[in-house]
Amino acid sequence: MDTKKLTAGDVIDLERYEGIVTGVPTGMYADRDSYGNAPILALIIDGILPCKFRANPYSHRTQNAGSDAKGVDKLLGVEFLPDDENENLGVAAAYVDQSIRGETQVEVHGVYESQVFRGQYLKVGNFGFEFPGYKFVFERDEQE
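Below is a summary of the structure that appears in this document.

### Quick word on the overall build of the protein chain
1) Next: Within the protein chain one finds 3 helices and 10 strands.
2) Next: Listing the helices and strands of the protein chain from first to last along the sequence gives β-α-β-β-β-β-β-β-α-β-β-β-α.
3) Next: Relative to its 144 residues, the protein chain shows a buried fraction of 35%.
4) Next: Considering only intrachain contacts with a sequence separation of at least 6, the fraction spanning at least 24 residues in the protein chain is 50%.
5) Next: Surface exposure of the protein chain reaches about 8600 Å², of which carbon and sulfur atoms provide 48%.

Below is the structure:
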């Protein structure tokens, strides 16, 4: 992964980029109900770069045999784990809205391709929010 931070103008001219983009959000859309039951947060950086974050679907389930973890509902042997990521999307949207109003910069970590920056991590001020979307190079290398 490239560790230098690029601006939206730098990234928009590239065919593909994996790394960090900084800029001021100029528009935002958040939806916690649609898109295949997976909440999304979309924002535009510097009026030119669309960024998209996708949270886990509400139907996200994990099977964990023999676990008695608190806060876990079991149905037919499948555990439904609480998913803070969906709530984080709403909180992140509120921070992005504040950033739009104050015209302050945000930082997005992710991959740019097909004219959309798909984010995994969003930093607004001193607050960071992590969402799935892609794996960093070092994470992909560990799995191979």
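After presenting the structure, the write-up continues.
### Regarding the side chain of H109
1) Next: Structurally, H109 is set in strand β8 (residues 106-113).
2) Next: By relative accessible area, which is 12% here, H109 ends up buried.
3) Next: Among the polar contacts made by the side chain of H109, one reaches the side chain of E107 at a distance of 2.8 Å.

### With respect to the pattern of salt bridges
1) Next: Evaluated as defined, the whole model comprises 3 salt bridges.
2) Next: For E107, the salt bridge is made with K5, and the minimal N-O distance between the two is 2.8 Å. With a gap of 102 residues between them, E107 in strand β8 and K5 in strand β1 (residues 5-7) connect regions that are remote in the sequence.
3) Next: Residue D97 pairs with R101 through a salt bridge whose shortest N-O separation is 2.8 Å. Linking D97 with R101, this pair stays in helix α2 (residues 84-102), spanning 4 residues, or about one helical turn.
4) Next: The partly exposed category is assigned to D97, whose relative accessible area is 27%.
5) Next: Under the relative-accessibility criterion, R101 is labelled exposed at 67%.

### Structural notes on the pairing of strand β2 (residues 17-23)
1) Next: Of all 7 residues that make up β2, 7 are buried, and the element is covered over most of its length.
2) Next: Of the strand pairs in this sheet, β1 and β2 are connected by 3 bridges, and their pairing is parallel. Along β2, the bridge assignment pairs K5 with I20.

### Some details on the side chain of T22
1) Next: In this structure, T22 sits in strand β2.
2) Next: Residue T22 is classed as buried on the basis of its relative accessible area, which comes to 15%.
3) Next: Excluding residues within four positions of it along the chain, T22 makes contact with K5, L6, T7, A8, I45, D46, Q105, V106 and E107.

### Regarding the packing of aromatic side chains
1) Next: Inspection of the entire model under this criterion finds 3 aromatic pairs.
2) Next: Pairing Y95 with F127 gives two aromatic rings, centres 4.6 Å apart and planes at 35°, and the pair type is tilted. Placement of the pair is Y95 in helix α2 and F127 in strand β10 (residues 127-130), with a sequence separation of 32 residues.
3) Next: Judged by centre distance (5.8 Å) and plane angle (45°), the rings of Y95 and F129 are tilted. A residue pair is termed long-range when its members are at least 10 positions apart, and Y95 in helix α2 and F129 in strand β10 qualify at 34 residues.
4) Next: Grouping aromatic residues by their ring pairs yields a cluster made of Y95, F127 and F129.

### Observations regarding the pairing of strand β4 (residues 40-45)
Moving residue by residue along a regular strand, the side chains alternate between the two faces of the sheet.
1) Next: Relative to β4, strand β3 (residues 25-31) runs antiparallel, the two sharing 6 bridges. Bridge pairing in β4 places G27 opposite I44.

Reading guide: rules and limits
- Residues numbered from 1 in each chain as written.
- Predicted model: local features only at pLDDT ≥ 70, side-chain atom pairs only at ≥ 80, totals over all residues.
- Heavy atoms only, no water.
- Helix = DSSP H or I, 4+ residues; strand = E, 2+ residues; numbered from the N terminus.
- Buried < 20%, exposed > 50% of the residue type's maximum accessible area, 1.4 Å probe, protein only.
- Contact = heavy atoms within 4.5 Å.
- Areas by Shrake-Rupley, 256 points an atom, 1.4 Å probe, with all protein chains shown as cover.
- Polar contact = N/O pair within 3.5 Å; in protein donor to acceptor, adjacent residues only side chain to side chain.
- Salt bridge = Lys/Arg side-chain N within 4 Å of Asp/Glu carboxyl O.
- Pairing = 2+ DSSP bridges.
- Phe/Tyr/Trp six-rings, centres within 6.5 Å; stacked < 30°, edge-to-face > 60°.

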